[in-house]
Amino acid sequence: DAEIILIGRSNVGKSTLMRELTGHTFSTGKKPGVTRKPNHYDWNAESFMFTDLPGFGFMSGVEKDMREAIKTDIVHYIEDNAEKILVGVLVVDGKSVIDIIDRHTNNDEIPHDVEMFYFLEELGIPVVVAVNKMDKVDDKDERLDELCDRLGLYPPWQQWSDDTIAPITAKRGQITSLREVLKHHLHEAKRDDLLKFV
Ligand code: GDP
């Protein structure tokens, strides 16, 4: 069994991206907190799937306890399935990610996105950061360099464009960079049999 997971804060565009990657529409309960279960999409007869994990972090109308519970579920899911997870795609909103990371850092908290990035790395799961909503970002290179800096990756971001950083605009179907990076990792994992799915 092989799996590619998508994780990220709520509203970063995970469902939109999932739809673009798989060509399928998902009827996930759009109410935050309702969708606590992983949302699998698998290809019949093939042991490969994309898994959309619930969004973490702030969601209006969702209590802190519930947000914590969601995050705990995500962490457990990843730990329990680490062996078969080929790639972890961390989806972020390119427009707001730096502000959100810096706000948490200034409050002496570890930002969720940064925490998840390191968590996946510690488990030995290759991490790809899908920087979504690039259509809303003017200073693209500068923004991506800042993101690298926050994640402990040496800028310029182009150094990471083969394997880690994939700027995309999921809403317009512009996800080629992500497909290329996923292909890179499937190749590295000697799973060329799965290239057709990405
Ligand atoms: P999720 O909560 O992470 O699953 O996010 P959704 O896929 O539901 O998207 C949240 C909002 O962001 C929706 O209004 C989408 O239309 C919008 N969105 C998704 N991708 C993009 C994008 O590439 N650019 C812009 N501008 N908006 C996007």
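Residues numbered from 1 in each chain as written. Predicted model: local features only at pLDDT ≥ 70, side-chain atom pairs only at ≥ 80, totals over all residues. Heavy atoms only, no water.

Caption draft 1: Just the site of the ligand, in detail. The immediate surroundings of the ligand are formed by 15 residues, with Asn 11, Lys 14, Ser 15, Thr 16 and Asp 135 found nearest. At 3.2 Å from an oxygen atom of the ligand is found a main-chain nitrogen or oxygen belonging to Val 12. Between the ligand and Ser 15, the relevant distance is 2.5 Å, taken from an oxygen atom to a side-chain nitrogen or oxygen of the residue. Burial of the ligand by the protein chains amounts to 77% of its free accessible area of 570 Å². (Near = heavy atom within 4 Å. Polar contact = N/O pair within 3.5 Å; in protein donor to acceptor, adjacent residues only side chain to side chain. Areas by Shrake-Rupley, 256 points an atom, 1.4 Å probe, with all protein chains shown as cover.)

Caption draft 2: How the structure looks around the pairing of strand β5 (residues 127–132). In terms of burial, β5 is largely enclosed, as 6 of its 6 residues are buried. Here β5 shows no split at all, with Val 127, Val 129 and Val 131 on one side and Val 128, Ala 130 and Asn 132 on the other all buried. Of the pairings in the sheet, the one linking strand β4 (residues 85–93) to β5 comprises 6 bridges and is parallel in character. The residue of β5 that forms the bridge with Leu 90 is Val 129. You can see the chain leave β5, run along helix α5 (residues 140–150) and come back into strand β6 (residues 165–167), and the turn it takes is right-handed. (Buried < 20%, exposed > 50% of the residue type's maximum accessible area, 1.4 Å probe, protein only. Helix = DSSP H or I, 4+ residues; strand = E, 2+ residues; numbered from the N terminus. Pairing = 2+ DSSP bridges. Right-handed = clockwise from strand over helix to strand, strands pointing away.)

Caption draft 3: Focus on the sheet that holds β4. One open sheet accounts for 6 strands, arranged β2-β3-β1-β4-β5-β6; its pairing is mixed. Two strands lie at the open edges of the sheet, namely β2 (39–42) and β6, each paired on one side alone. Going from strand to strand, the sheet's axes swing by 20° on average, the running direction of each strand aside. Of the strand pairs in this sheet, strand β1 (residues 2–8) and β4 are connected by 6 bridges, and their pairing is parallel. Paired with Ile 7 across the strands is Leu 90, a residue of β4. The strands that helix α2 (residues 64–81) touches are β1, β2, β3 (48–52) and β4; relative to β1, the one it contacts most, it runs at about 160°. (Axes fitted to C-alpha atoms, helices over the stretch in contact; angles between N-to-C directions. Contact = heavy atoms within 4.5 Å.)

Caption draft 4: Layout of the nonpolar core. Ile 7, Ile 78, Leu 90, Val 129 and Leu 147 are the most contacted members of the largest nonpolar core, which totals 36 residues. Those elements giving two or more residues to this core turn out to be β1, α2, β4, α3 (97–106), α4 (112–122), β5 and α5. The biggest single contributor to this core is α4, with 5 residues. What Ile 78 contacts, discounting residues up to four positions off in sequence, is Ile 5, Ile 7, Leu 53, Ile 85, Phe 119, Leu 120, Leu 123 and Ile 125. Counting residues in hydrophobic clusters, the runner-up holds 27 residues, among them Leu 6, Leu 17, Phe 50 and Ala 166. (Core = buried A, V, L, I, M, F, W, Y, C linked by side-chain atoms within 4.5 Å.)

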